[in-house]
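Structure assessment
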Amino acid sequence: MIIRKSYISYIFQGFKQNRLGTTLKYPVRYIGTLMGYKLDKSLSGPIQGTLCLTYNCNLRCEMCDLPLRHLDFEKNTNKKALTLKDYQKVIDDFAAIGTSGLALSGGEPMLHPDLYEIIKYARKRELVVQMTTNGWFINEETVLKLFEAGLNTISISLDGASAQTHNKIRRNEKSFEKATNAISLIHKLRKIEKNSIKLNISSTLGKNNYREAIQLVELSKNLGADYIGFMPVHAIAPDFDTHDYANLDSTDISELISTVDQLISLKKKDHFIETSFEYLSMFKDFYQNKKLPIPCMAGFTTLIVDCYGEVFPCFSFYEMKKSWGNIEKHNGLKSFWNSGELNIERVKIKTCRECFWNCQVETNLLYKPFI
């Protein structure tokens, strides 16, 4: 299966929610994005838009410098955080340009005071909404609020099958307990409330946890998740020096490739692993320090807006602080999306082969037969 399972669920959720007209627009948007890519201009909005609601986080994970940026940005009086009204306007623009799904990320998105209102508004605009969280703030009250707001998919970050491994990566001795309890609670409450929310596990795969990957699949299944998705750990954050987790020796590389083969074999049995076969196979290139073997469509299929209104084509640019500009200076996201300035940037990024980030590569694969 070349298509990531969560993307298929977008379409089915549209049918279930009696949004046949909206769902039937997906093929049109697909063609529009493809033609825009070939013509070097925007003809349709991205498949997935992302709002990074905050750089703040209660954890200090070994692969992430975003909380450090939050502290730095807080001292920068020139940075003006988006208000709820601003976010609503961005969501309006995402809907207007033809975006299918909206991801809420961070930092830790559950730290944002307007989270539930943002979800409600995005659902009102008929966007399929997904949120990634570390699970720390998941309790019965917050889960019921997420249900009420209409969240379609929740992804819990889990990077080890044991508390020792996960807590080391997340740098908090209670993180594993919080994450696993969150998964179990959501699974329990959606049954009680008859809520159709999808429950996904999101896991980075690198030097410090690859030996537990197979056990992590089984743990996720036992906790009640619908599926688990993997991506390789990227050491690209510019202000973070501890990259021991990404420095692979020959033994690591050999064993990681073997682990990937095991994950592929496991996926063939029951498809609990949502990561597509082709993307999983590309992990081998990544761990051997090879370039991405397919063209990149960042800025056509994906677009990110952070909590200060900065626009990025993909998470790699987000991590590397390579903003394409600010929506305030470009009269809003819709205007910026359709601008000649952004078309120039899109052309430049076509040659990029530096990252294997899951959301970007999986959307690229949707168009692989035609690019």
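Read on for a plain summary of the structure.

Each value, and the rule that gives it
Residues numbered from 1 in each chain as written. Predicted model: local features only at pLDDT ≥ 70, side-chain atom pairs only at ≥ 80, totals over all residues. Heavy atoms only, no water. Phe/Tyr/Trp six-rings, centres within 6.5 Å; stacked < 30°, edge-to-face > 60°. Lys NZ or Arg CZ within 6 Å of the ring centre and 35° of its normal. Helix = DSSP H or I, 4+ residues; strand = E, 2+ residues; numbered from the N terminus. Expected span 1.5 Å × (residues − 1). Buried < 20%, exposed > 50% of the residue type's maximum accessible area, 1.4 Å probe, protein only. Axes fitted to C-alpha atoms, helices over the stretch in contact; angles between N-to-C directions. Parallel < 35°, antiparallel > 145°, perpendicular 65-115°, else oblique. Contact = heavy atoms within 4.5 Å. Nonpolar A, V, L, I, M, F, W, Y, C, P; charged D, E, K, R; others polar. Salt bridge = Lys/Arg side-chain N within 4 Å of Asp/Glu carboxyl O. Pairing = 2+ DSSP bridges. Right-handed = clockwise from strand over helix to strand, strands pointing away. Left-handed = near helix turned anticlockwise from the far one by under 90°. Core = buried A, V, L, I, M, F, W, Y, C linked by side-chain atoms within 4.5 Å.

The subject of this paragraph is the packing of aromatic side chains. Considering all chains together, one arrives at 14 aromatic pairs under this definition. By way of ring pairs, the aromatic residues Tyr55, Phe73, Tyr308, Phe312, Phe315, Tyr318 and Trp357 are connected into one cluster. Stacked on the ring of Trp136, the Lys or Arg Lys178 has its end atom at 5.0 Å from the ring centre. Here the basic side chain of Arg346 rests over the ring of Phe300, its NZ or CZ set 5.5 Å away from the ring centre.

We now examine helix α9 (residues 175–193). One turn of the α-helix equals 3.6 residues, which is why residues spaced by three or four share an orientation. Taking 1.5 Å as the rise per residue, α9 with 19 residues should run 27 Å; its terminal C-alpha atoms sit 26 Å apart, in good agreement. Of all the positions in α9, only Ser175, Phe176, Ala179, Thr180, Ala182, Ile183, Ile186, Leu189 and Arg190 are classed as buried. In the segment just after α9, Lys194 is the residue with positive phi, at about 55°.

With that settled, consider the packing of helix α8 (residues 163–170) against α9. Where α8 contacts α9, the axes come no closer than 8 Å and their chain directions differ by 110°. With respect to each other, α8 and α9 are oriented roughly perpendicular. Each of Ala163, His166, Asn167 and Arg170 in α8 lies in contact with α9, whose residues at this interface are Ser175, Phe176 and Ala179. Looking at the contact of α8 with α9 residue by residue, the class counts come to three nonpolar, three polar and one charged.

Moving on: the pattern of salt bridges. What the rule picks out here adds up to 16 salt bridges. With a shortest N-O distance of 3.1 Å, Arg69 and Asp65 are connected by a salt bridge. Residue class for Asp65 comes out buried when judged on its relative accessible area of 0%. Two residues, Arg190 and Asp226, come together in a salt bridge whose shortest N-O distance is 2.7 Å. With Arg190 in helix α9 and Asp226 in the loop between α10 (213–223) and β6 (227–232), the pair connects residues that are 36 residues apart, well separated along the chain. Taking relative accessible area as the criterion, Arg190 reaches 11% and is therefore assigned buried. Here the residues in one salt-bridge network are Asp65, Arg69 and Glu319, joined through shared partners.

A few words now on the sheet that holds strand β1 (residues 48–52). With respect to topology, nine strands assemble into an open sheet ordered β6-β5-β4-β3-β2-β1-β7-β8-β9, the strand pairing being mixed. What marks the edges here is a single partner per strand, and that holds for β6 and β9 (325–326). Where strand β3 (residues 128–133) meets strand β4 (residues 153–157), four bridges bridge the pair, whose relative direction is parallel. Bridge assignment links Thr133 to a residue of β4, and that residue is Ile156. Its contacts with the sheet place helix α5 (residues 84–97) against β1, β2 (101–105) and β7 (302–306), and it is angled at close to 170° to β1. On top of the sheet, helix α16 (residues 358–366) reaches β1, β6 and β7; it is set at about 155° to β7, its chief contact.

This brings us to the pairing of β2. Within a regular strand, the side chains alternate between the two sheet faces. Counting buried positions along β2 gives five out of five residues, so the element sits mostly inside the fold. Every second residue of β2 is oriented toward a common face, with Gly101, Ala103 and Ser105 on one face and Leu102 and Leu104 on the other, all of them buried. By the bridge criterion, five bridges tie β1 to β2 in an arrangement that is parallel. Counterpart to Gly49 in the pairing with β2 is Leu102. In this fold, the crossover linking β2 to β3 by way of helix α6 (residues 115–124) has right-handed handedness.

The subject of this paragraph is the packing of helix α7 (residues 140–149) against α9. Helices that pack against each other are described as a pair by the angle of their axes relative to one another and the distance between those axes. It is at 10 Å that the axes of α7 and α9 come closest, and there the two elements cross at 55°. Judged on the interaxial angle alone, α9 and α7 are oblique. The two elements α7 and α9 cross, and the hand of that crossing is right-handed. Across the interface between the two elements, Glu140, Val143, Leu144 and Phe147 of α7 pack against Leu185, Ile186, Leu189, Arg190 and Glu193 of α9. Of the residues contributing to the contact of α7 with α9, the split by class is six nonpolar, no polar and three charged.

A separate point is the nonpolar core. Leu51, Phe94, Leu104, Leu146 and Ile154 are the most contacted members of the largest nonpolar core, which totals 95 residues. The biggest single contributor to this core is helix α12 (residues 277–287), with seven residues. Ignoring sequence-local partners within four residues, the contact set of Phe94 consists of Pro46, Gly49, Thr50, Leu51, Thr99, Leu102, Leu127, Leu303, Val305 and Leu333. Formed by seven residues, the second largest nonpolar core is a distinct cluster that contains Ile47, Phe300, Leu366 and Tyr367.

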